[in-house]
Amino acid sequence: MSELVKHKMFIGGEWVEPSSGEYLESFNPFTGKPWALIPRGKAEDAKRAVAAAKQAFTSGPWPKMNATQRGALLRKLGDLIAANAERLAQLEVRDNGKLIAEMLAQLRYIPQWYYYFGGLADKIQGSVIPSDKPDMFNYTRYEPIGPCVLITAWNSPLLLLAYKLGPCLAAGNTAILKPSEFTSASSLEFAKLVHEAGFPPGVFNVATGLGAEIGEALVTHPDVVKVAFTGGSVTGSHVYQTAAKDLKRVTLELGGKSPNIVFEDAVIDDAVKGAVSGIFAATGQTCVAGSRLLLHEKIYEPFMDKLLALAKTARMGDPSSMETQVGPVTTRPQYEKVLRYIDIGKDGGATCVLGGHAAQRQECGEGWFVEPTIFTDVKNSMRIAQEEVFGPVLSVIKFKDDEEAIEIGNDVVFGLAAGVWTQNVRRAIKVTERLQAGTVWVNTYRAVSFMSPFGGYKRSGLGRENGQDAIKEYLQVKSVWISTAADVPNPFVMR
Ligand code: NAD
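These lines cover the structure that appears in this document, whether it is placed above or below. (Residues numbered from 1 in each chain as written. Predicted model: local features only at pLDDT ≥ 70, side-chain atom pairs only at ≥ 80, totals over all residues. Heavy atoms only, no water.)

1. A short note on the pattern of salt bridges
Here is the rule: We define a salt bridge as a side-chain nitrogen of Lys or Arg found within 4 Å of a carboxyl oxygen belonging to Asp or Glu. Each helix corresponds to a stretch of at least 4 residues labelled H or I by DSSP, and each strand to a stretch of at least 2 residues labelled E; elements are numbered beginning at the N terminus. A 1.4 Å probe rolled over the protein chains alone gives each residue an accessible area, and that area as a share of the maximum for its type sets the label: buried under 20%, exposed over 50%, partly exposed in between.
Applying the stated criterion across every chain, the model contains 26 salt bridges. In this structure, Asp265 and Arg427 form a salt bridge, with 3.2 Å as the shortest nitrogen-oxygen distance. Of the two residues, Asp265 is situated in the loop between β13 (259-262) and α11 (268-279) and Arg427 in helix α16 (residues 425-434); the sequence distance between them amounts to 162 residues. Taking the relative accessible area as the measure of exposure, Arg427 reaches 11% and is therefore buried. Among the charged side chains, a network of salt bridges with common partners joins Glu22, Arg40, Lys42 and Glu213.

Structure, rendered in structure tokens:
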């Protein structure tokens, strides 16, 4: 145990041990071995973190700062992330098994969230309402809401955090981050940069531990006003119901089972790359994974030949090598879950035409690797087509016309994303209009930006992150009425 890196939590601007004195092991998915110890915070630590966030929200320098000053701090944080991008990327590779190539690109992009929301901080304006009442002046102002709990999933900790923390702090709130117990190291390292940027103590806190312990304690704490959650749909629904008891605000970014639809007039080589990027990039561990490939029957065979040929070339192995294309599954339970879903696909009658088992390749060592897996003969009613696997497992489904493609595309409980591959503009517009998804990509896949709204239809979530409106999720509007009348009219009649 002694060689493991032992982390502390960041609460009230200080590095603290968990009150329980207990730690959780954090594993390197490439070696399958623990490398760090993460504090196992519990209810006591949740109370401490919320108290720090509440104090920072109500007193001290933070509430006195104007929006321009808050924006400047956020931009400084962006600069610090940019300066530390390589170090943070390497840490994520070790703790999370993410590819270094993807992490370098992601960490170099994340500063944009802090620049964007830093810039937006002092551009949030209320309005003067043209009053219908005589001698009355009425205006609105947007105000921060209070201490917010930000809960993130394990797949892209700092990116998911940026979606939340940028608008949360730009709006003038304070935050308690509860990262996934499987991948907390980068969030703790990130806290050092927040401190270095000069945010007052308690404005940003990181409380680590299990969801059912410290996560639950944070969501139920009466002084928390909002929960911004990214994770699975079952947990999200539980968090929503728990938070509802105190009428807390909730935004939810949940799972998906996104259709990637290829029409017969698509540029096949592009669409094949899009299919691969949709399901095998990030080892399929992305909420927007294009895990259902819908193929027009006319192009089915040539498309599958090309898809299999490309997928077979995917280089697996050490995620710290720039050459690697498919890394390990991030957690042991997730690795087991992906393999269980492969069995569910086989037992359910689908045909496994690629992979279908744990990777036995020498370059994968002791890591938690699953071979890129493709199922054909999939019916959309099968579990493999309905449930989120969150791994490199693709279900291929044939369709005969646009109507059927849309029907199958929408026939899941989720509605996070969708892909459409066609050269016909009319078809592209018609189909994107009818797909029930928060994001639809045409002739591309997996594009996200700080300036474009992101979120789910149906059971994929509530509310939106990114883009100008995201900040409204962290603000409340106040309507102020000022009478300019010389006297007070009849007090028994509503004005
Ligand atoms: P999860 O639901 O198991 O956990 C998510 C977070 O919730 C973790 O930090 C966990 O500790 C915490 N948690 C668990 N129980 C809790 C409770 N009772 N109270 C408070 N917090 C609790 O999800 P996961 O396995 O970490 O992540 C994978 C899921 O996340 C997938 O379904 C994926 O689609 C989804 N996801 C969605 C998006 C999006 O933006 N829509 C992005 C990334 C991941």
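2. Overview of the pairing of strand β8 (residues 147-151)
Defined as follows: Note on pairing: two strands pair once DSSP finds at least 2 bridges between them. Here a crossover is taken to be right-handed if, once the strands point away from the viewer, the path from the first strand over the helix to the second is traced clockwise.
Across the five residues of β8, five count as buried, placing the element largely inside the fold. The alternating pattern of β8 places Pro147, Val149 and Ile151 and Cys148 and Leu150 on opposite faces, both of which are buried. Judged from the five bridges that link them, β8 and strand β9 (residues 174-178) form a sheet pairing that is parallel. What sits directly across from Val149, in β9, is Ile176. Crossover β8 to β9 through helix α7 (residues 157-170) is right-handed. Bridge count for β8 against strand β11 (residues 226-230) is four bridges, and the pairing is parallel.

3. Considering the pairing of β11
For a regular strand, side-chain orientation follows a simple rule: the groups alternate between the two sheet faces. Taken across its five residues, β11 has five buried, putting it largely inside the fold. Both faces of β11 are covered, namely the face carrying Lys226, Ala228 and Thr230 and the face carrying Val227 and Phe229. In the sheet, β11 pairs with strand β12 (residues 249-253) via five bridges, with the strands oriented parallel. Directly across from Val227, in β12, lies its bridge partner Val250. The handedness of the β11 to β12 crossover, carried by helix α10 (residues 233-244), is right-handed.

4. Let's talk about the site of the ligand
To keep it simple, the criterion reads: By convention in these notes, a residue is near a molecule or strand provided one of its non-hydrogen atoms lies within 4 Å of it. Polar contacts, as counted here, are pairs of nitrogen or oxygen atoms within 3.5 Å of one another; within protein the pair requires one atom able to donate a hydrogen and one able to accept it, and residues that are adjacent in sequence qualify only if both atoms are side-chain atoms. What sets the accessible areas is the Shrake-Rupley method with a 1.4 Å probe; for residues, cover comes only from the shown protein chains. Site definitions follow a grid-based scheme: protein atoms alone, a 1 Å grid, a 1.4 Å probe that fits but cannot get out for cavities, and for pockets an open set with protein on both sides within 12 Å along at least five of seven lines, plus lining residues having an atom within 4 Å of a point. Each molecule is checked against the cavity or pocket grid, and it sits inside if more than half of its atoms lie within 2 Å of the grid points. Domain start and stop positions are those given by an automatic or database domain assignment.
Surveying the vicinity of the ligand reveals 29 residues, the closest of which are Lys178, Glu181, Glu216, Thr235 and Glu388. Backbone polar atom of Thr152 to an oxygen atom of the ligand: 2.8 Å apart, as the coordinates give it. A distance of 2.5 Å is found between an oxygen atom of the ligand and a side-chain nitrogen or oxygen belonging to Glu181. With the chains in place, 88% of the 850 Å² that the ligand exposes on its own is no longer accessible. Its atoms largely coinciding with the cavity grid, the ligand occupies the largest pocket. For the shell around the ligand, the secondary-structure elements that each account for two or more residues are α9 (211-220), β11 and α10. Tallying contributions element by element places α9 first for the shell around the ligand, with four residues. Counting residues domain by domain, the shell around the ligand receives three or more from each of domain 1 (5-254 + 460-479) and domain 2 (259-442).

5. Considering α16
Heads up, the condition is: The directions from the helix axis to the C-beta atoms are what the arc is built from. Residues are treated as being in contact if the distance between any of their heavy atoms lies within 4.5 Å.
Looking at α16, one finds that the buried residues are Arg427, Ala428 and Val431. Viewed end-on, α16 has its buried residues packed into an arc of 100 degrees, placing them on one side of the element. Along α16, exposed side chains directed more than 90 degrees from the buried face belong to Val425, Arg426 and Glu433. If you follow the buried residues of α16, they end up packed against α15 (402-410), β19 (417-421) and β20 (439-442). Sitting at the head of α16, Asn424 places a side-chain oxygen 2.9 Å from the backbone nitrogen of Arg426.

6. Here we look at unusual backbone geometry
A positive phi is found at Thr283, a non-glycine position, where the angle reads about 55 degrees. On the secondary structure map, Thr283 appears in the loop between α11 and β14 (292-296). On the accessibility criterion, Thr283 (4% relative accessible area) is buried. We note that Asp377 has phi near 55 degrees; this positive angle belongs to a residue other than glycine. Within the secondary structure, Asp377 is located in the loop between β16 (373-376) and α14 (383-386).

7. Concerning the environment of Ala162
Mapping Ala162 onto the fold places it in helix α7. By relative accessible area, which is 0% here, Ala162 ends up buried. Remark: the alpha-carbon pair of Ala162 and Thr58, spanning 104 residues in sequence, is separated by 24 Å.

8. Overview of the sheet that holds strand β5 (residues 33-39)
Sheet architecture is open: three strands sit in the order β1-β5-β4, paired in mixed fashion. A strand with exactly one partner marks an edge of an open sheet, and here the two such strands are β1 (5-6) and β4 (23-28). Inspection of the sheet shows β1 paired to β5 by two bridges, in the parallel sense. Counterpart to Lys6 in the pairing with β5 is Leu37.

9. Observations concerning the layout of surface pockets
Stated precisely, the cut-off is as follows: Grid points are joined across faces, edges and corners, and a volume is the space filled by probe spheres set on the points. By the convention adopted, Pro, Cys, Tyr, Trp, Phe, Met, Ile, Leu, Val and Ala count as nonpolar, Lys, Arg, Asp and Glu as charged, and the other residues, Gly among them, as polar.
Here the largest pocket is characterised by a volume of approximately 1,100 Å³. Lining the largest pocket are 45 residues; nearest its centre among them are Phe229, Gly231, Gly232, Ser233 and Thr235. Counting only elements with at least two residues in the lining of the largest pocket, the list comes to α9, β11, α10, β12, α13 (332-347) and β22 (461-462). Per element, the largest residue contribution to the lining of the largest pocket is seven residues, and it comes from α10. Class assignment of the residues belonging to the lining of the largest pocket gives a composition of 18 nonpolar, 18 polar and nine charged. Approximately 710 Å³ is the volume found for the second largest pocket. The wall of the second largest pocket is formed by 34 residues, among which Glu102, Ser277, Ala281, Ala282 and Arg446 lie closest to the centre. The greatest single-element share of the lining of the second largest pocket, amounting to four residues, is contributed by helix α5 (residues 100-109). Considered class by class, the residues forming the lining of the second largest pocket number 21 nonpolar, eight polar and five charged.

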